[in-house]
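# Descriptive analysis of the structure
Listed here are the chains, written in short residue letters.
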Protein chains: 2
Amino acid sequence: MIAFTRGVPPPESFPAEQLAECARSVLQNDAERVLQYGNAAGYLPLREWIAGECQVSPEQVLIGQGSLQLLDTLVRVSIIPDDCMFVEQPTYDRALTIFRRTGAKLFGINLKNGVLDLQELEAKLADGILPRFIYLIPDFQNPSGALMPLEHRLHLVELARTHGFYLIEDGPYRKLRYKGQAIPTLFELAPEQVIHMSSFSKLISPGLRVGFMLLPPELILKVSKFAEDTYINSSYLNQALAFNFIERGWLQEQIDFLRDIYSVRLNAILDELRKGFREMGTWVEPQGGFFVGLNLDAAHELSTKEEIHQAGLVLTDSQGFFVEGGERFIRLPFCALTPEQIREGMARLHHLLEV
Amino acid sequence: MIAFTRGVPPPESFPAEQLAECARSVLQNDAERVLQYGNAAGYLPLREWIAGECQVSPEQVLIGQGSLQLLDTLVRVSIIPDDCMFVEQPTYDRALTIFRRTGAKLFGINLKNGVLDLQELEAKLADGILPRFIYLIPDFQNPSGALMPLEHRLHLVELARTHGFYLIEDGPYRKLRYKGQAIPTLFELAPEQVIHMSSFSKLISPGLRVGFMLLPPELILKVSKFAEDTYINSSYLNQALAFNFIERGWLQEQIDFLRDIYSVRLNAILDELRKGFREMGTWVEPQGGFFVGLNLDAAHELSTKEEIHQAGLVLTDSQGFFVEGGERFIRLPFCALTPEQIREGMARLHHLLEV
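Residues numbered from 1 in each chain as written. Chains lettered and ligands numbered in written order. Predicted model: local features only at pLDDT ≥ 70, side-chain atom pairs only at ≥ 80, totals over all residues. Heavy atoms only, no water.

### A word on the packing of helix 3 (residues 44–54) of chain B against helix 10 (residues 236–247) of chain B
Residue and element names in this part refer to chain B. For clarity, the cut-off: Axis definition: a line fitted to C-alpha atoms, over the contacting stretch in the case of helices. Angles run 0 to 180 degrees between N-to-C directions. We count a stretch as a helix when DSSP gives it H or I for four or more residues in a row; a strand needs E for two or more, and each element gets its number in order from the N terminus. What sets the label is the angle itself: under 35 degrees gives roughly parallel, over 145 gives roughly antiparallel, 65 to 115 gives roughly perpendicular, and the rest give oblique. Handedness of each helix crossing follows the sense of rotation of the near helix against the far helix: counterclockwise by less than a right angle gives left-handed, clockwise gives right-handed. Contacts were defined at the residue level, with two residues in contact if any of their heavy atoms lie within 4.5 Å. Ten residues, namely Ala, Val, Leu, Ile, Met, Phe, Trp, Tyr, Cys and Pro, are considered nonpolar, four, namely Asp, Glu, Lys and Arg, are considered charged, and the remaining ones, Gly among them, are considered polar.
With their axes 8 Å apart at the nearest point, helix 3 and helix 10 run at an angle of 50 degrees to one another. If you check the angle between helix 3 and helix 10, you find them oblique. Between helix 3 and helix 10 lies a crossing of left-handed hand. Of helix 10, the residues touching helix 3 (which contributes Pro45, Leu46 and Trp49) are Gln239, Ala242, Phe243 and Ile246. Looking at the contact of helix 3 with helix 10, its residues break down into 6 nonpolar, 1 polar and no charged.

Put into structure tokens, the structure is as follows:
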């Protein structure tokens, strides 16, 4: 079976020996702090490092057990009945589940050829549909791999300012860029209108469960208090491991190492797409991240679960990425597969779609 | 300042060197599993160990980032509008906050001389007030230090069976018994009516953030799925550290070590209470755990925050332990203070209450 499913890092990417060294150091030098309860906002040295990286005050940084849980906390605190939320369509399925649970009315704004349809968004606003939040993954989007162009970022923050809503910018893939130049984040463009979230799951290891959120001053205390009331605090031990790893200069080395592995895998999947799938659908060529999204043409039906299984493939249920629809979309995560597995998997997929 | 506040373990109790050794071992032998995402239910070897200890199937064990978060997940999944919940009064303030957020109607059933008033409870049931859950801390209760007698345990599980509600049994202090013999848990008496929760925070370290819940088969899948949808999974690295610590035989050693420290501290605070506080109030003599609860007589007012601060003391706001009331109660955690600090703190408290 070849699994084009979750966007998980491959085990060969885990810096286990380095983390063991970090654990030794942290438990030798900071045991009283990392083994105790602490402030829900997180381990201060890591908050300060993130604040420095992102040019905010450490008071605006909230660290937690992965960024998804922080997103859940944010919407539990902020969403009230009859609220609306906009999301890119397709979008990250787990975020969509979090939003559905709030009871907010959800609207998917379509990505057209990988670009958010701002006309559709503005039409909603003109109709008087004002969102509390717009959730966006501007860098190497999950599940499409798309990159939001600068002019769209500028336009979005302008809309947020004018209409008084927040943009939630989810950026876990941003540092995994394999070609091209970085574009400013939404947060860099308008920190007062943007809640930025990211994590170390894709850069160090998901097992640490260390993610973070940058919140504007008017939200940080409310969200941190709710987090404290839910779980007291996330593990400082894990946060200290991440900080120690960074302090030793290993994060940049690790990112360079990941780029080397992943860019080869991205090229492998793009080669297969270009060779065999031009007649079947469209995709955006990602410059980074974990995913390519394949939009099937009307002539090509997605197979049934049973057919997919018989073909030796595992695919994520695409409808989870959409508020409505999603029957003609396939997410292809490429980082956890070797180039050989990618070639074999794409051959199987091609055969399946041809039938 | 002497802080009679949260029930945290003292830093001198943390087995930092042993945990460093566990980290080395776990990252050498099980890195692919502990550094990856995993099933929300938790790290299988630890689930299996807990299952063996508690005589349940591993499928009934859910491990998470501390037990409070699991409690939050349980009530988010289970409580529906117009539900009722009963709690001991006083009870653990953080659990009460979790319950208040659900919107359930809360009823405090009073502890009278440390014993749950079952007449009051049965009167509620006779009035047609049927709870979804009753939340209980039978062993060395937070905040009173009380121990629930066996006949009350038997009576409660009988009521749960008859009326068809669940008992939530919170047991983090159970293994910290300094005198007397263990009484069966509610879960041991009626596993089908009881949701048992506990954690390693008080036995190894709060910094690991490893707690667990035993759920009946009809609830486990729903609660685990909700947990997955909220945070994917809690850190397997931390869960593996706890398991490795246990596997080496260090948990029992650690518990013996903690009993030695804490029983001296319990005796110190009981000595002070007996010497100076008989005229001021009543308390139950705990056989274990972290707390003694002092109920002030009507003649003795609790001081204002300012007076308490000026006396060089920090006390938890007692009203947090009560659904209603709580003005005449003082929680005295004794584990994180040395006998000298306890003597000095109790002298200050005595002086304050005398004025």
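Having seen the model, we can carry on.
### Details of the pairing of strand 8 (residues 194–199) of chain A
Residue and element names in this part refer to chain A. Selection rule: The classification of residues rests on relative accessible area computed with a 1.4 Å probe and restricted to protein chains. Under 20% of the type maximum is buried, over 50% is exposed, and intermediate values are partly exposed. By definition, two strands form a pair when at least two bridges between them are found by DSSP.
With 6 of 6 residues buried, strand 8 is to be regarded as a mostly interior element. Along strand 8, one buried face is formed by Val194, His196 and Ser198 and the opposite face, lined by Ile195, Met197 and Ser199, is buried too. By the bridge criterion, 4 bridges tie strand 7 (residues 166–170) to strand 8 in an arrangement that is parallel. The partner of Leu167 across the bridge, within strand 8, is Val194.

### Describing the pairing of strand 11 (residues 291–296) of chain A
Residue and element names in this part refer to chain A. For strand 11, the buried fraction is high: 5 of the 6 residues fall into the buried class. Note that strand 10 (residues 281–283) and strand 11 share 3 bridges and pair antiparallel. Its bridge partner being in strand 11, Trp283 is matched across the sheet by Leu294. Pairing between strand 11 and strand 13 (residues 329–333): 5 bridges, direction antiparallel. The residue bridging Val292 from the neighbouring strand is Leu332, located in strand 13.

### Here's the deal with the packing of aromatic side chains
Residue and element names in this part refer to chain A. To be explicit about the condition: Aromatic rings from Phe, Tyr and Trp, with only the six-membered ring used for Trp, were paired whenever their centres fell within 6.5 Å, and each pair was classed as stacked if the ring planes differed by under 30 degrees, edge-to-face if by over 60, and tilted otherwise.
In total, this model carries 30 aromatic pairs over all chains according to the counting rule given. Their ring planes at 85 degrees and their centres at 5.7 Å tell us that Tyr173 and Phe291 sit as a pair that is edge-to-face. Placement of the pair is Tyr173 in the loop between strand 7 and helix 8 (186–189) and Phe291 in strand 11, with a sequence separation of 118 residues. When its relative accessible area of 5% is taken as the criterion, Tyr173 is described as buried. The class for Phe291 is buried, based on a relative accessible area of 1%. On the numbers, 5.9 Å between centres and 70 degrees between planes, the contact of Phe245 with Trp250 is edge-to-face.

### Observations concerning the relation of the copies chain B and chain A
The criterion, for reference: Only residues with pLDDT of at least 70 in both copies count here: their C-alpha atoms drive the least-squares fit that superposes the copies.
Overlaying chain B on chain A yields an RMSD of 0.0 Å, the required transformation being a rotation through 180 degrees with an accompanying axial translation of 0.0 Å. What the superposition gives is, in effect, a two-fold axis relating one chain to the other. It is Ala23 of chain B whose C-alpha, among those of chain B, lies nearest the rotation axis, at 3.3 Å. Comparing interface residues between copies, 100% of those in chain B also lie at the interface in chain A; the contact surface is shared.

### Considering the side chain of Ser199 of chain A
Residues and elements named next belong to chain A. Put simply, the test is: Under this definition, polar contacts are N or O atom pairs within 3.5 Å; protein pairs additionally need one hydrogen-donor-capable and one acceptor-capable atom, and for neighbouring residues in sequence, both atoms have to be side-chain atoms.
Assignment of secondary structure puts Ser199 in strand 8. Engagement of the side chain of Ser199 in a polar contact is seen with the backbone nitrogen of Ser201, the distance being 2.9 Å. For Ser199, the residues in contact, after removing those within four places along its chain, are Ser67, Val210, Gly211 and Phe212.

### A few points about the interface of chain B and chain A
Note: interface size is frequently given as the accessible area lost on complex formation between the parts. Applied cut-off: Defined here as a combined quantity, buried area equals the accessible surface (1.4 Å probe) lost by two parts on assembly, summed across both. Every case where a carboxyl oxygen of Asp or Glu lies within 4 Å of a side-chain nitrogen of Lys or Arg is listed as a salt bridge.
On the chain A side, the residues contacting the 47 residues of chain B number 47 residues. A per-residue breakdown of the area chain B buries against chain A is headed by Leu35, Tyr37 and Arg209 of chain B, which together make up 17% of the total. Counting every contact that joins chain B to chain A gives 4 salt bridges. The shortest N-O distance in the salt bridge between Arg76 of chain A and Asp72 of chain B comes to 2.9 Å. Put simply, the parts of the chain that give the side of chain B that touches chain A at least two residues each are helix 1 (16–29), helix 2 (31–34), helix 4 (67–78), helix 5 (93–102), helix 9 (217–231) and helix 10 of chain B. Taken together, the residues that form the side of chain B that touches chain A break down as 24 nonpolar, 13 polar and 10 charged.

### Details of empty space enclosed by the protein
Applied cut-off: Of the two site types, the cavity is a set of points on a 1 Å grid over the protein atoms alone where a 1.4 Å probe fits but cannot get out, and the pocket is an open set with protein on both sides within 12 Å along at least five of seven lines, each lined by residues with an atom within 4 Å of a point. Grid points are joined across faces, edges and corners, and a volume is the space filled by probe spheres set on the points.
Taken as a whole, this structure holds 5 cavities of 30 Å³ or more when the rule is applied. A volume near 100 Å³ is recorded for the largest cavity. Lining the largest cavity are 17 residues, with Gln65, Ser235 and Asn238 of chain A together with Gln65 and Ser235 of chain B positioned closest to its centre. Secondary-structure elements contributing two or more residues to the lining of the largest cavity are helix 10 (236–247) of chain A together with helix 10 of chain B. Partitioned by chemical class, the residues of the lining of the largest cavity number 4 nonpolar, 11 polar and 2 charged. In this structure, the second largest cavity encloses a volume near 60 Å³. Lining the second largest cavity are Glu88, Leu111, Gly114, Val115, Leu116, Ile137, Pro138, Gln141, Ala146, Leu147, Met148 and Pro149 of chain A. Per-class residue counts for the lining of the second largest cavity are 9 nonpolar, 2 polar and 1 charged.

### Describing the pattern of salt bridges
Applying the stated criterion across every chain, the model contains 44 salt bridges over all chains. A salt bridge links Lys225 of chain A to Asp229 of chain A, with the shortest nitrogen-to-oxygen separation between them at 2.8 Å. Residue Lys225 of chain A and its partner Asp229 of chain A are both found in helix 9 (residues 217–231); the two are separated by 4 residues, about one turn of the helix. According to the relative accessible area criterion, Lys225 of chain A is partly exposed, its value standing at 43%. The salt bridge involving Glu285 of chain B is made with Arg274 of chain B; its shortest N-O contact spans 2.8 Å. Of this pair, Glu285 of chain B sits in the loop between strand 10 (281–283) and strand 11 (291–296) while Arg274 of chain B is found in helix 11 (residues 250–276), placing the two residues 11 residues apart along the sequence.

### Focus on the sheet that holds strand 9 (residues 211–214) of chain B
Think of a sheet as strands paired side by side through backbone hydrogen bonds, with each pair either parallel or antiparallel. Residue and element names in this part refer to chain B. Sheet architecture is open: 8 strands sit in the order 2-9-8-7-6-3-4-5, paired in mixed fashion. Edge positions in the sheet fall to strand 2 (61–64) and strand 5 (115–116), since each has one partner strand and no second. Two elements, strand 2 and strand 9, share 4 bridges in a ladder whose sense is antiparallel. For Val61, the partnering residue across the bridge sits in strand 9 and is Leu214. Sheet contacts for helix 6 (residues 118–126): strand 3 (84–89), strand 4 (105–112), strand 5 and strand 6 (133–136); angle to strand 4, the most-contacted strand, approximately 150 degrees.

### Describing unusual backbone geometry
The omega torsion across Gln89 of chain B and Pro90 of chain B is 5 degrees, close enough to zero to call that bond cis. Along the polypeptide, Pro90 of chain B turns up in the loop between strand 3 and helix 5. Going from Asn142 of chain B to Pro143 of chain B, the amide bond is cis rather than trans, its omega being 20 degrees. Looking at where Pro143 of chain B falls in the secondary structure, it is placed in the loop between strand 6 and helix 7 (150–163). Backbone geometry at Ile232 of chain A places phi at a positive 65 degrees, although glycine is not the residue there. Secondary-structure assignment places Ile232 of chain A in the loop between helix 9 and helix 10. Owing to a relative accessible area of 6%, Ile232 of chain A belongs among the buried residues under this scheme. Its identity is not glycine, yet Arg209 of chain B carries a phi of approximately 55 degrees, on the positive side.

### Observations concerning the environment of Leu266 of chain B
Residues and elements named next belong to chain B. As for its placement among the helices and strands, Leu266 is situated in helix 11. Residue classification places Leu266 among the buried residues on the basis of a relative accessible area of 1%. For Leu266 and Pro333, which are 67 residues apart along the polypeptide, the C-alpha to C-alpha distance reads 9.2 Å. The residues contacting Leu266, other than those within four sequence positions of it, are Tyr178, Lys179, Pro286, Val292 and Phe334.

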